Amino acid sequence: MDGIKEWAKAAGIRAVKTAAQAALGVIGASVAMGDVNWLMCGSAALLAAIVSVITSLAGIPEVGDGASVAKLKGGENA
C-alpha cells in the first residue's frame, strides 16, 4: 500500500503543477485581451488537474519505474 501512497503524492504534485500552468496560460491570454475571466481561469485549472490525475493512473515515472496503479496494487492483469 506504500506504493499507492507514493503514487497519490506524486500525482497530486503533478496535478497542482498542471493546474498552475493552465491558470497561467488563461491569465496570460486574458490579460492580452484586456480582462481576466476568473471563472474560466479556475475551471480551466480544475479541468487540467483532473486530466492530469486521470493520465497518472497509467503510471508516472516517479513511482515504481512508471508502473500503473493496477501494477502498484499487484493486480493479476496489470
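Residue indices follow the written sequence of each chain, beginning from 1 at its first position. Local features in this predicted model are restricted to residues whose pLDDT is 70 or higher, and side-chain atom pairs enter the listing and the counts only when it is 80 or higher, whereas totals over whole chains, interfaces and linings include all residues. Water and hydrogen atoms were dropped before computing side-chain values, which therefore reflect all heavy atoms in the structure.

Notes on the overall build of the chain
Point 1. Runs of E in the DSSP output that reach at least two residues are strands. Runs of H or I that reach at least four are helices, and both are numbered from the N terminus. Broken down by element type, the chain carries three helices and zero strands.
Point 2. In sequence order, the chain lays out its α and β elements as α-α-α.
Point 3. Throughout, radius of gyration means the C-alpha value; the globule benchmark is 2.2 Å times the number of residues raised to the power 0.38. In terms of overall size, the chain is more extended than a compact globule, its C-alpha atoms giving a radius of gyration of 16 Å where 78 residues would be expected to give roughly 12 Å.
Point 4. With respect to the principal axes defined by its C-alpha atoms, the chain has extents near 55 × 20 × 15 Å.
Point 5. Carbon and sulfur atoms form 65% of the exposed surface of the chain, whose accessible area is close to 5,300 Å². Residue burial considers only the protein chains on display, and all accessible areas are found by Shrake-Rupley using a 1.4 Å probe.

Overview of helix 2 (residues 38-56)
Point 1. Taking 1.5 Å of rise per residue, 19 residues should cover 27 Å, and helix 2 covers 27 Å from first to last C-alpha, within 8% of that figure.
Point 2. Along helix 2, the residues classified as buried are C41, A45, A48, A49, S52 and S56. Along the long axis of helix 2, the arc covered by the buried residues comes to 100 degrees, so they all point the same way. Exposed residues on helix 2 whose side chains face more than 90 degrees from its buried face are L39, L46, L47 and I54.
Point 3. In protein, a polar contact requires one atom able to donate a hydrogen and another able to accept it; more generally it is a pair of N or O atoms within 3.5 Å, and residues adjacent in sequence count only if both atoms are side-chain atoms. A distance of 3.2 Å separates the backbone nitrogen of L39 from a side-chain oxygen at the start of helix 2, and that oxygen is part of N37. To estimate the expected span of a helix, subtract one from its residue number and multiply by 1.5 Å. Only protein chains enter the area calculation, which uses a 1.4 Å probe; residues under 20% of their type maximum are buried, those over 50% are exposed, and those in between are partly exposed. Here, the arc refers to the directions that run from the helix axis to the C-beta atoms.

Thoughts on the pattern of salt bridges
Side chains carrying opposite charge are able to pair once their charged atoms draw close together.
Point 1. Any Lys or Arg side-chain nitrogen located within 4 Å of an Asp or Glu carboxyl oxygen qualifies as a salt bridge. A full pass over the atoms with the stated rule returns one salt bridge.
Point 2. R14 is the partner of E62 in a salt bridge, and the nearest nitrogen-oxygen pair spans 3.2 Å. Of this pair, E62 sits in the loop between helix 2 and helix 3 (69-73) while R14 sits in helix 1 (residues 2-33), and the two are 48 residues apart along the sequence.
Point 3. A relative accessible area of 44% places E62 in the partly exposed class.

So, the confidence of the model for the chain
Point 1. The pLDDT score gives, residue by residue, the confidence of the prediction method on a 0 to 100 scale. Within the chain, residue pLDDT values average 87, and 94% of them lie at 70 or more.
Point 2. Taken element by element, the predicted model of the chain shows its lowest mean pLDDT in helix 3 (80) and its highest in helix 2 (95).

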